[in-house]
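Chain residues, written in single-letter form:
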Amino acid sequence: MDFSATIIQWYNQHKRDLPWRNTTDPYVIWLSEIILQQTRVEQGLPYFYRFAENYPTVTHFAAATEDEVLKLWQGLGYYSRGRNMLKTAQLVQEKYKGAFHSDFDSLIALKGIGEYTAAAISSFAANQPKAVVDGNVNRLIARYFGIDEPINGTKGQKLFRQTANDLLDKQHPALHNQAIMEFGALQCKPKSPDCSVCPLRDGCYAYNNNAIDKLPVKLKKLTVKNRYFNYFVVIDDEKVLMNKRGDTDIWANMYDLPMIETEESPNVEKLFSSKKILSMFGSAPVIIKEYPSKKHILTHQHIHARLFHIETDAKNINPDTGYFFIKVEKIKNLALPKLIFIF
Ligand code: SF4
């Protein structure tokens, strides 16, 4: 049995029953693919249902506000993806009058839809012979064929895409793609795959050469930047002082608390007598309590957060800051980074 037939047979026995596998609606497949690029299936499922319920068609999605989308996306991380989804939905609405196309060329022509997503949608929705290449597929190919070219280098990406296309069952591209992704996710897992039950074992380079832990090869990530966010919790008459973030940094256009970023973990005394804090609050605030500090890990940044509950005179808050008060019970309606979930 060849590679494709083997994984398809395995898939028919082991596949998970997932909602987007029972549809050929390109919009629903698109929703699931974008969400799953972000997270594991179990964590992504509630988000998928949430989006599919709130926006049953791309026209509904295109009519949403950015705040609403970010709120639904909250907790998934990489918020730019949520924002880009909205832009893509609006493009589909404008360019294709709300008809989510399923052919590769129309999809790839849309800003916001890349090679992987276009291949996934066109093969799952329209059975087009386009191979999907995600992390699971790369891992399986690297191990099975013993390819040590880095999967995230330019040469490697080309090589893995070419190999995935060569392997593709052109008669059954949807089934093949589902099978290879599921095989990588469940059988050829990143850590300690159970090779004793693997139907590809005999032909697998990594298994036969004791190289499972060495493949795939990945180029080192960029260095991580440490950032120090010092948040101020101001509560006045059961309302909390909030800040809408700008659009150039992480968590763009989401909401958080008034904050001062420092180069390193701050000296609290200096922080509370700094020019910045004085210009925000008009006078040096008094610390009521400090919440336990938190660390939030993003791909290229580690955010170290300290949260101070402070007392300050609301009247003196600098109006140029754009801060605004909102009732405590209404905060849940705002899209917030997890870091400040204290209410
Ligand atoms: S034998 Fe092991 S390493 Fe090789 S494809 Fe199967 S699960 Fe992956």
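Look up: the structure comes first, before these words.
Residues numbered from 1 in each chain as written. Predicted model: local features only at pLDDT ≥ 70, side-chain atom pairs only at ≥ 80, totals over all residues. Heavy atoms only, no water.

### As for unusual backbone geometry
So, step 1. For the peptide bond that leads from Leu215 to Pro216, omega is 0°, which places it in the cis range.
So, step 2. The topology assignment puts Pro216 in the loop between α12 (205-208) and β1 (225-236).
So, step 3. Unlike most non-glycine residues, Glu238 shows phi in positive territory, near 60°.
So, step 4. Relative accessible area serves as the criterion here: at 61%, Glu238 is assigned to the exposed category. (Helix = DSSP H or I, 4+ residues; strand = E, 2+ residues; numbered from the N terminus. Buried < 20%, exposed > 50% of the residue type's maximum accessible area, 1.4 Å probe, protein only.)

### Remarks on helix α5 (residues 66-73)
So, step 1. Among the residues making up α5, those that are buried are Val69, Leu70, Leu72 and Trp73. Along the axis of α5, the buried positions cluster into a sector of 160°, meaning they face one direction only.
So, step 2. If you follow the buried residues of α5, they end up packed against α2 (26-36), α3 (41-54), α4 (58-62) and α6 (79-95).
So, step 3. Positive backbone phi, approximately 105°, marks Gly75, located one or two places after α5. (Arc of directions from axis to C-beta. Contact = heavy atoms within 4.5 Å.)

### A short note on the pattern of salt bridges
So, step 1. The final tally for this structure, using the stated rule, is 12 salt bridges.
So, step 2. Between Lys155 and Glu149 there is a salt bridge, with its nearest N and O atoms 3.9 Å apart.
So, step 3. Look at Lys155 and you get exposed, because its relative accessible area is 60%.
So, step 4. The partly exposed category is assigned to Glu149, whose relative accessible area is 23%.
So, step 5. With a closest N to O distance of 2.8 Å, Arg227 and Glu261 form a salt bridge. With a gap of 34 residues between them, Arg227 in strand β1 and Glu261 in strand β4 (residues 259-262) connect regions that are remote in the sequence. (Salt bridge = Lys/Arg side-chain N within 4 Å of Asp/Glu carboxyl O.)

### Some points on the site of the ligand
So, step 1. Neighbouring the ligand are the residues Leu140, Arg143, Gln187, Cys188, Pro193, Cys195, Cys198, Arg201, Cys204, Tyr207 and Ile212.
So, step 2. Here the shell around the ligand is composed, by residue class, of 8 nonpolar, 1 polar and 2 charged. (Near = heavy atom within 4 Å. Nonpolar A, V, L, I, M, F, W, Y, C, P; charged D, E, K, R; others polar.)

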